[in-house]
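This is what each chain is made of:
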Amino acid sequence: MDRYFYIGILLSFFLIGCEKENPAPQPEEINRTVLVYLGRDNNLSSSVEEKTRYILEGWNGKNGNLIIYEDLAGKCPTLSEAYQENGVCKTRLIYEAEADENSASPAVFKRVLTEVKELFPTKSYGLVLFSHGWGWLPEGGYSSPRSRSIILDQTDEMEIWEFAEAIPDKMFEFIVFEACFMAGIEVAYELRNKTDYILASSAEIVSPGFKEVYTQAMDYLFLSSADLVSFAKSAMGVFINAYGGTLSIIRTSGLEPLAGFIKNNLKTEREVNLSGIQRFDRNSYSLFFDFEDYHSRIIHQKVAEELPGYIDRCILHKEASSTFMWGYGGFIINTHSGLTTYIEQEEYPYLNTQYKETAWYKAVYE
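This section reports on the structure supplied with the text.

1. Focus on the packing of helix 9 (residues 291-298) against helix 10 (residues 307-314)
Part 1: Put simply, helix 9 and helix 10 touch, their axes get as near as 11 Å, and they point 145° apart. Once helix 9 is placed against helix 10, the crossing between them reads as right-handed. For the pair helix 9 and helix 10, contact is made by Phe291, Glu292, His295 and Ser296 and by Leu307, Pro308 and Ile311, respectively.
Part 2: Residue composition of the contact of helix 9 with helix 10, by class: 4 nonpolar, 2 polar and 1 charged.

2. Some words on a negative patch on the surface
Part 1: Together, Glu269, Glu271, Glu346 and Glu347 make up a region of like negative charge exposed at the surface.
Part 2: Looking at where glutamate 347 falls in the secondary structure, it is placed in the loop between strand 15 (340-341) and helix 11 (349-355).

3. Examining the environment of glutamate 292
Part 1: Looking at the secondary structure, you find glutamate 292 in helix 9.
Part 2: Glutamate 292 gets classed as partly exposed once you look at its relative accessible area, which sits at 23%.
Part 3: Counting along the chain gives 43 residues from glutamate 292 to threonine 335, while the straight-line C-alpha distance between them is 8.8 Å.
Part 4: Each residue touching glutamate 292, except ones within four places of it in the same chain, is listed here: Leu307, Pro308, Ile311 and Ser337.

4. Let's talk about unusual backbone geometry
Part 1: Of the consecutive residues serine 207 and proline 208, the connecting peptide bond is found in the cis state with omega at 15°.
Part 2: For proline 208, the position within the fold is in the loop between strand 9 (195-200) and helix 6 (211-217).
Part 3: Despite not being glycine, lysine 170 has its phi angle at roughly 65°, a positive value.
Part 4: Topologically, lysine 170 is positioned in the loop between helix 4 (160-166) and strand 8 (172-178).

5. Digging into the pairing of strand 2 (residues 64-72)
Part 1: For strand 2, a buried count of 9 out of 9 residues is recorded, marking the element as mostly surrounded by other parts of the structure.
Part 2: Covered by surrounding structure in strand 2 are Gly64, Leu66, Ile68, Glu70 and Leu72 together with Asn65, Ile67, Tyr69 and Asp71, the residues of both alternating faces.
Part 3: By the bridge criterion, 4 bridges tie strand 2 to strand 3 (residues 78-85) in an arrangement that is antiparallel. Bridging from a neighbouring strand, isoleucine 68 pairs with serine 80 of strand 3.
Part 4: Turn length for the strand 2-strand 3 hairpin, with the two strands adjacent in sequence and antiparallel, is 5 residues, and the turn residue glycine 74 shows positive phi of about 80°.

6. Observations regarding helix 9
Part 1: Within the span of helix 9, buried status applies to Phe291, Asp293, Tyr294, His295 and Ile298.
Part 2: Residues of helix 9 that are buried sit in contact with helix 5 (185-190), helix 8 (255-264), strand 11 (289-290), helix 10, strand 15 and helix 12 (359-365).
Part 3: The opening residue of helix 9, the one whose side-chain oxygen lies 3.3 Å from the backbone nitrogen of glutamate 292, is aspartate 290.

7. Details of helix 7 (residues 228-240)
Part 1: Along its 13 residues, helix 7 runs 18 Å from first to last C-alpha, staying within 8% of the 18 Å computed at 1.5 Å per residue.
Part 2: Along helix 7, the residues classified as buried are Leu228, Phe231, Ala232, Ser234, Ala235, Met236, Val238 and Phe239.
Part 3: Taken together, the buried residues of helix 7 touch strand 8, strand 9, helix 6, strand 10 (246-251) and strand 12 (315-320).

8. Quick word on the pattern of salt bridges
Part 1: All told, the structure shown has 14 salt bridges when counted by the stated rule.
Part 2: Here glutamate 204 makes a salt bridge to arginine 282, at a shortest N to O gap of 2.7 Å. Of the two residues, glutamate 204 is situated in the loop between strand 9 and helix 6 and arginine 282 in the loop between helix 8 and strand 11; the sequence distance between them amounts to 78 residues.
Part 3: A salt bridge links glutamate 357 to lysine 362; its shortest N-O distance comes to 3.7 Å.
Part 4: Several salt bridges share partner residues, and in doing so they unite Glu101, Arg111 and Glu115 into one network.

The rules behind the values
- Residues numbered from 1 in each chain as written.
- Predicted model: local features only at pLDDT ≥ 70, side-chain atom pairs only at ≥ 80, totals over all residues.
- Heavy atoms only, no water.
- Axes fitted to C-alpha atoms, helices over the stretch in contact; angles between N-to-C directions.
- Helix = DSSP H or I, 4+ residues; strand = E, 2+ residues; numbered from the N terminus.
- Left-handed = near helix turned anticlockwise from the far one by under 90°.
- Contact = heavy atoms within 4.5 Å.
- Nonpolar A, V, L, I, M, F, W, Y, C, P; charged D, E, K, R; others polar.
- Patch = residues over 30% accessible without salt bridge, like charges linked within 9 Å, V, L, I, M, F, W, Y side chains within 5 Å.
- Areas by Shrake-Rupley, 256 points an atom, 1.4 Å probe, with all protein chains shown as cover.
- Salt bridge = Lys/Arg side-chain N within 4 Å of Asp/Glu carboxyl O.
- Lys, Arg positive; Asp, Glu negative; His and termini not counted.
- Charge placed at Lys NZ, Arg CZ, Asp CG, Glu CD.
- Buried < 20%, exposed > 50% of the residue type's maximum accessible area, 1.4 Å probe, protein only.
- Pairing = 2+ DSSP bridges.
- Polar contact = N/O pair within 3.5 Å; in protein donor to acceptor, adjacent residues only side chain to side chain.
- Expected span 1.5 Å × (residues − 1).

Here you go:
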């Protein structure tokens, strides 16, 4: 049954305010559908058309479906399909909601995923997510600056466990986070059953983010085996010429063995001097520390030499500049394992309590 038949069925269930364009011819063999989820009903709404244009310019119109969900400040959300006409990439509106909706709502996110799977059935799916990000932190968990977890819609936020819960198991081959602080072990472990690979940053992703990267590297995501390494290298080339940056590609199949190794080899006394551990946030407080730098100090030294091997099974690729945002409250990067971690601190009792609810904490410390 043709997927455009399903579009008609789905639209009878959702509020729509648009007229569908004629579908573009589709290739017989579609390898992958990539959903670009632009959660921009916040202070990131500026230049959205420019970002979308860069995404379209970087896509050759072959080897897969490119689907874009956009939620912009002051506008109704849309779901669109990219297509190529006379060598030019354009978008065809699938639907436009008649009223605003909360793109940070797990129900909305889950609904969009369901729509994409039903309308565009393919062997493989990828997700590119753009919004504010604050790793595993709970909604409103830190007030200066306000934590944003993942996806911010005006004042509403989606926490990482809600994000993971909305995704069907094994749905994605990869998730690319164009969002800050998403390379945390807590984020990766929450998503270990949802995707094979995660491309994320240990530090902030400074504006304009991946905008220029998309023109160079979007097609890497549509190869028969998505080339995330080349995508990351293109991004780092842009970052290093700007303010610096960090990127890693996390292989989720290695996360449970890593958790087991840490759990079985923890010291009873785990207090360490935090000032000596690599951090990745440029604030007076520190919430994102290098995973290996910290855990090498809290496991028994007789097995510490085994830790890099377990981490390597989780990290397909990692890159970091020598400094980040130097001159803007930034820092030197002496070590970068490709993963970050939160470390409990007395001054953050609420965060400490919420941290105990993460899947990573329960797997390792309980």
